[in-house]
Amino acid sequence: MKSVSIAAPPPPGGPSRPDRATALTRRLLTLGAIAGPLFVVVFLAEGATRAGYDPLRHPVSSLELGDGGWVQTANFLVAGFLSLAYAAGLRRALKATPGPARGSVWGPRLVGVWALALVAAGVFTTDPVSGYPSGTPDRLTEYGSVHAALHDLLSLGGFVALVAACLVFARRFAARGERGWALYSALSAAVFTAAMVLANIAFSQAEGLVAFGGLFQRISVTAGWCWLTLLAVRTARHLRRPERA
């Protein structure tokens, strides 16, 4: 006589705890995937419509100054908080991923530092540079304001953290045999760093580069955000679905 197996009924009250945990992780990663495109679209729109502002010449942070500066301030804050959610989702996802654990701790932490730097950039505004807002000098002759010094210092910390995150994940992907992602992560770190260095030299009023400081910075920031966005999408897609009994 054949035995008949009876499938266990689904747990009352909706999905099981593993299902809910996976869904929460995916939502956090989705917020991270939104952060970059939203940030870039807002600063591109603001830069294209702001009177006296030249996107090729002026930094993104200068959009916090003058009329309508609150829009870019909000852009920094929203991107920062979305990225904090991203860092939390990344930590949860990597912790549950089988295989080599390399990068599962410091990767999310560095993304979190980047997120906090974005929030700080929204709290502490920069000083005028390269003639924006209209009527201001190309470069302040004094040391500058305290809030601008904090803006620059904390932003630099965020830039370093993002480059380090790219390299940490490059090692992680290499250890897992994912050469394409390892190469892409390393190249993202290189492009971000090179373009940001050129931008900072330009903002120092270096002749021949000053007219393109904004362009260099936009290349750098966009490269970084592209990597973060694609990493969020990839991680969300590779979340393991819990097996049902």
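Since the model is a prediction, treat every value here as computed from it, not as a measurement.

Caption draft 1: Fine view of the overall build of the chain. Check the secondary structure of the chain and you find six helices and zero strands. Overall, the chain shows an N-to-C arrangement of helices and strands of α-α-α-α-α-α. The buried share of the chain, reckoned over its 245 residues, is 43%. Across the chain, contacts joining residues at least 24 apart in sequence account for 75% of those joining residues at least 6 apart. For the chain, the accessible area works out to roughly 13200 Å², and carbon and sulfur atoms hold 67% of it.

Caption draft 2: Region of interest: the packing of helix H5 (residues 179-203) against helix H6 (residues 213-237). Between H5 and H6, the shortest axis-to-axis distance is 7 Å and the interhelical angle comes to 155 degrees. One element, H5, and the other, H6, form an angle in the roughly antiparallel class. Seen from above, H5 lies across H6 with left-handed handedness. Counted by class, the contact of H5 with H6 contains 18 nonpolar, seven polar and one charged residues.

Caption draft 3: Broad picture of the pattern of salt bridges. Inspection of every chain in the model, using the stated rule, returns three salt bridges. As a salt-bridge pair, Glu 178 and Arg 234 come within 2.5 Å of each other at their nearest N and O atoms. With Glu 178 in the loop between helix H4 (146-175) and H5 and Arg 234 in helix H6, this residue pair connects regions lying 56 residues apart in the sequence. For Glu 178, a relative accessible area of 22% corresponds to the partly exposed category.

Caption draft 4: View of H4. The end-to-end C-alpha separation of H4 is 43 Å, in line with the 44 Å expected for 30 residues at 1.5 Å each. Of the residues flanking the end of H4, it is Gly 177, one or two places downstream, whose phi is positive at about 80 degrees.

Caption draft 5: View of the nonpolar core. Counting 43 residues, the largest nonpolar core has Phe 39, Tyr 86, Leu 90, Trp 225, Trp 227 and Leu 228 as the members making the most contacts within it. Breaking this core down by element, the ones donating at least two residues are helix H1 (17-49), helix H2 (69-95), helix H3 (106-123), H4, H5 and H6. Non-local contacts of Leu 90, meaning those with residues more than four positions away in its chain, are made with Leu 29, Pro 108, Val 111, Phe 169, Leu 231 and Thr 235.

Caption draft 6: Representation of the packing of aromatic side chains in the model. Evaluated as defined, the whole model comprises 11 aromatic pairs. With centroids separated by 5.7 Å and ring planes inclined at 65 degrees, the aromatic side chains of Phe 169 and Trp 227 adopt a geometry described as edge-to-face. A residue pair is termed long-range when its members are at least 10 positions apart, and Phe 169 in helix H4 and Trp 227 in helix H6 qualify at 58 residues. A relative accessible area of 0% places Trp 227 in the buried class. Between Trp 181 and Tyr 184 the ring centres are 5.5 Å apart and the planes differ by 75 degrees, which places this aromatic pair in the edge-to-face class. With Trp 181 and Tyr 184 both in helix H5 and three residues apart, the pair spans about one turn of that helix. Chaining the aromatic ring pairs together yields one cluster made of Phe 39, Phe 43, Phe 76, Trp 114, Phe 159, Phe 192 and Trp 225. In this arrangement the basic side chain of Arg 109 is found over the ring face of Trp 106, its NZ or CZ atom lying 5.0 Å from the centre. The positively charged end of Arg 234 is found above the aromatic ring belonging to Trp 181, 5.9 Å away from the centroid.

Here is what the cut-offs are and how they apply
- Residues numbered from 1 in each chain as written.
- Predicted model: local features only at pLDDT ≥ 70, side-chain atom pairs only at ≥ 80, totals over all residues.
- Heavy atoms only, no water.
- Helix = DSSP H or I, 4+ residues; strand = E, 2+ residues; numbered from the N terminus.
- Buried < 20%, exposed > 50% of the residue type's maximum accessible area, 1.4 Å probe, protein only.
- Contact = heavy atoms within 4.5 Å.
- Areas by Shrake-Rupley, 256 points an atom, 1.4 Å probe, with all protein chains shown as cover.
- Axes fitted to C-alpha atoms, helices over the stretch in contact; angles between N-to-C directions.
- Parallel < 35°, antiparallel > 145°, perpendicular 65-115°, else oblique.
- Left-handed = near helix turned anticlockwise from the far one by under 90°.
- Nonpolar A, V, L, I, M, F, W, Y, C, P; charged D, E, K, R; others polar.
- Salt bridge = Lys/Arg side-chain N within 4 Å of Asp/Glu carboxyl O.
- Expected span 1.5 Å × (residues − 1).
- Core = buried A, V, L, I, M, F, W, Y, C linked by side-chain atoms within 4.5 Å.
- Phe/Tyr/Trp six-rings, centres within 6.5 Å; stacked < 30°, edge-to-face > 60°.
- Lys NZ or Arg CZ within 6 Å of the ring centre and 35° of its normal.

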